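# Architecture at a glance
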Amino acid sequence: MKGNSYLSRKIHSLLGVIPLGLFIIEHMLTNYSAFEGGPQRFNDSVKFLNDLPLVFFLELFGIWLPLIFHGVYGLYVAYQSNANTGRFQYGRNWAFTLQRISGVITFIFVFWHLYQTRFQVMIGKVTHEELGALMHGITTNNFYFVLYLIGIVSVAFHFSNGMWSFLVSWGITVGPRAQRISSRIWMCVFVIVALLFILSLVSFRSSEFAAAASAAQAVRNIV
């Protein structure tokens, strides 16, 4: 990695935006549909995604492989980084340290979340139509709910602050003024993304999803 550190970091940075940044936005909107329209709207959103042509290859090359590279290399970068918040108390230094911490939390959370949801679909324990009911069971567990809150806030910060860093490292926001404006914009994005994810979590705990979970369980008992 050291011999190709520049190229590896550029690939790592680019994958964080395309396709993983797009995946975060898509996942946020899909989950937010649960808040907007309840179980039926959420199921329709999930069905739309799974009806896309070549969905397996879209997920493999658009999510799984980029996620593994970005996550594993990100852990390596975090391990190599030296936190300097004790010496330099500037905001960007704190953001640098929080980016590494949130990256580690995000890596663990994303794979744990995929195990609880997507992997359960893959092994046949639940169907895509039962994901809303599954999320109801997860979010009504207060311990899991708190962990999910920590996870989604970490994801939102890592994405938003990572976008600020991407624009700087790729020479798009060059001067101090441009970087200052960019910082404010991406801070707003962080708040919006985190808020929409939190609203989604709250909606999964609602009575509508409780009824959907009961109905799914009743169907399984009959079968």
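For the structure itself, look to the data block above.
Residues numbered from 1 in each chain as written. Predicted model: local features only at pLDDT ≥ 70, side-chain atom pairs only at ≥ 80, totals over all residues. Heavy atoms only, no water.

Across its full length, the protein chain holds nine helices and zero strands. Each helix and strand of the protein chain, placed in order from N terminus to C terminus, yields the pattern α-α-α-α-α-α-α-α-α. Relative to the compact-globule value of 17 Å for 223 residues, the protein chain shows a C-alpha radius of gyration of 19 Å, a close match. By principal-axis analysis of the C-alpha atoms, the protein chain measures approximately 60 × 30 × 25 Å. Within the protein chain, the fraction of its 223 residues that count as buried is 40%. Counting only contacts in the protein chain whose residues sit at least 6 apart along the sequence, the fraction spanning at least 24 positions is 74%. Total accessible area on the protein chain is roughly 13,000 Å²; 70% of this is exposed by carbon and sulfur atoms. In the protein chain, the 15 positive side-chain charges and the 8 negative ones have mean positions that sit 23 Å from each other. (Helix = DSSP H or I, 4+ residues; strand = E, 2+ residues; numbered from the N terminus. Rg over C-alpha atoms; globule rule 2.2 N^0.38 Å. Buried < 20%, exposed > 50% of the residue type's maximum accessible area, 1.4 Å probe, protein only. Contact = heavy atoms within 4.5 Å. Areas by Shrake-Rupley, 256 points an atom, 1.4 Å probe, with all protein chains shown as cover. Lys, Arg positive; Asp, Glu negative; His and termini not counted. Charge placed at Lys NZ, Arg CZ, Asp CG, Glu CD.)

On to unusual backbone geometry. For the bond from isoleucine 18 to proline 19, the omega torsion is 15°, close enough to zero to count as cis. Locating proline 19 in the fold gives a position in the loop between helix 1 (5-17) and helix 2 (20-50).

What follows concerns the side chain of threonine 173. Looking at the element boundaries, threonine 173 is found in the loop between helix 7 (142-169) and helix 8 (176-204). Residues in contact with threonine 173, not counting those within four places in the same chain, are Leu167, Val168, Ala178, Gln179 and Ser182.

Inspection of the secondary structure puts valine 104 in helix 4 (residues 91-116). Separated by 51 residues in the primary sequence, valine 104 and valine 155 have C-alpha atoms spaced 9.9 Å apart.

Once that is clear, we can look at the packing of helix 1 against helix 3 (residues 55-80). It is at 9 Å that the axes of helix 1 and helix 3 come closest, and there the two elements cross at 125°. Judged by the inter-axis angle, helix 1 sits oblique to helix 3. Pair helix 1 / helix 3 crosses with left-handed handedness. Contact residues: helix 1 offers Ser5, Ser8, Arg9, Ile11, His12, Leu15 and Gly16, while helix 3 offers Pro66, Phe69, His70, Tyr73, Gly74 and Val77. (Axes fitted to C-alpha atoms, helices over the stretch in contact; angles between N-to-C directions. Parallel < 35°, antiparallel > 145°, perpendicular 65-115°, else oblique. Left-handed = near helix turned anticlockwise from the far one by under 90°.)

This brings us to helix 2. If you check helix 2, its first and last C-alpha atoms are just 18 Å apart, much less than what 31 residues at 1.5 Å a residue would give, namely 45 Å. Most pronounced at glycine 37, the bend in helix 2 amounts to some 140°, and the proline proline 39 follows within four residues. (Expected span 1.5 Å × (residues − 1). Bend = angle between axes of the 7 residues up to and from the residue.)

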